[in-house]
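# Coordinates in review
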Amino acid sequence: MSDDKPRIMLVEDELHLARGICFNLELDGYVVSHFDRGETALEALRVERCNLIILDVMLPGMDGFQVCKEMRELDSRVPILMLTARSEDVDRVSGLESGADDYLTKPFNLAEFLLRVKGMLRRSSWYRPDPVEEGYQFGVNEAYLLSYRAKTAQGEIDLTEMEVRVLSLFFQREGQVIPRGELLESVWGYSSDTETRTLDNFVVRLRKYFEPDPTRPTHFLTVRGVGYRFSRSGA
């Protein structure tokens, strides 16, 4: 087994579904570790690193939201994809607020699932933003993308890989309107016409981090019907 194969942690208690997911991921060349409880997955994460976590919301014992929060305390960077059988927006928002980077509603299309995984695992030059400087200042905030951290009015925070991807793109395109489709394709690997609220909920998360008043944003601005625009000066 090649050590350079991406390692994926799957936390899913439905055995039939878990077997199918593991089979197809391994067929695509990934190394998969399966856990049917959040508690055992957390124990494993304390001693073993992975490149992606696929986490079900409805788990026996500790639910997926709480597991996600504790995983973020152990590893602030690893991308987390949450699986949910519930389609309500409140569950999707709860997942993203707990630290997840994306969600997929069951039952899901296998091809779409594998594309999501590939997109979240993608490695490119996003993590070395140029010409964005290390210690990028905007308002009272300062972002250190190479070290995955930021200083905000609330204190210092750790950033996930997906948060760094989004911020890197916003910083490099400061003042420009970035279409939704371009953000989804560049950061998550979606096709540009994908219908999803992941991006919108993710921007809400960034506003809670960095905006003095998240309900009246001055840095991460919505351009209705088009996408988003980042303002360094807060105008």
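Residues numbered from 1 in each chain as written. Predicted model: local features only at pLDDT ≥ 70, side-chain atom pairs only at ≥ 80, totals over all residues. Heavy atoms only, no water.

Looking at an unreviewed UniProt entry, one finds the protein chain named Two component transcriptional regulator, winged helix family, with Trichlorobacter thiogenes as its source organism.

## Thoughts on the pattern of salt bridges
Quick reminder of the rule: By definition, a salt bridge exists where a carboxyl oxygen of Asp or Glu is found within 4 Å of a side-chain nitrogen of Lys or Arg. Strands are runs of DSSP state E lasting at least 2 residues, helices are runs of H or I lasting at least 4, and numbering of each runs from the N terminus. Any residue under 20% of the maximum accessible area for its type is buried, any over 50% is exposed, and the rest in between are partly exposed; the area is computed with a 1.4 Å probe on protein chains only.
This model, assessed by the stated rule, comprises 14 salt bridges. As a salt-bridge pair, D101 and R72 come within 2.9 Å of each other at their nearest N and O atoms. Taken together, the positions of D101 in the loop between helix 4 (89–97) and strand 5 (102–105) and R72 in helix 3 (residues 64–74) put the pair 29 residues apart, joining distant regions of the chain. Across the pair, R72 and D101 agree in class, each one buried. A salt bridge links R116 to D102, with the nearest nitrogen and oxygen atoms 3.4 Å apart. One end of the pair, R116, is in helix 5 (residues 110–121); the other, D102, is in strand 5, and 14 residues separate them in sequence. D102 shares its class with R116; the two are buried.

## Some words on the side chain of T160
Put simply, the rule is: Note on definitions: a residue-residue contact is assigned when non-hydrogen atoms from the two residues lie within 4.5 Å.
With respect to the secondary-structure elements, T160 resides in the loop between strand 9 (155–158) and helix 6 (161–172). Those residues in contact with T160, other than ones at most four positions away along the chain, are R72, S76, R77, D101, Y148 and R205.

## Observations concerning the pairing of strand 4 (residues 80–84)
Here is the rule we go by: In this scheme, strands are said to pair when DSSP sees at least two bridges between them. Think of it like this: strands point away, you trace from the first strand over the helix to the second, and a clockwise trace means the crossover is right-handed.
By the criterion of burial, strand 4 is predominantly enclosed, with five of the five residues buried. Sheet analysis places strand 3 (residues 52–56) next to strand 4, joined by four bridges and oriented parallel. Within strand 4, the residue paired with L55 across the bridge is M82. Assessed by its sense of winding, the connection that carries the chain from strand 3 through helix 3 to strand 4 is right-handed. Sheet topology note: the strand 4/strand 5 ladder contains four bridges and is parallel. When the sheet's bridge partners are listed, M82 is paired in strand 5 with Y103.

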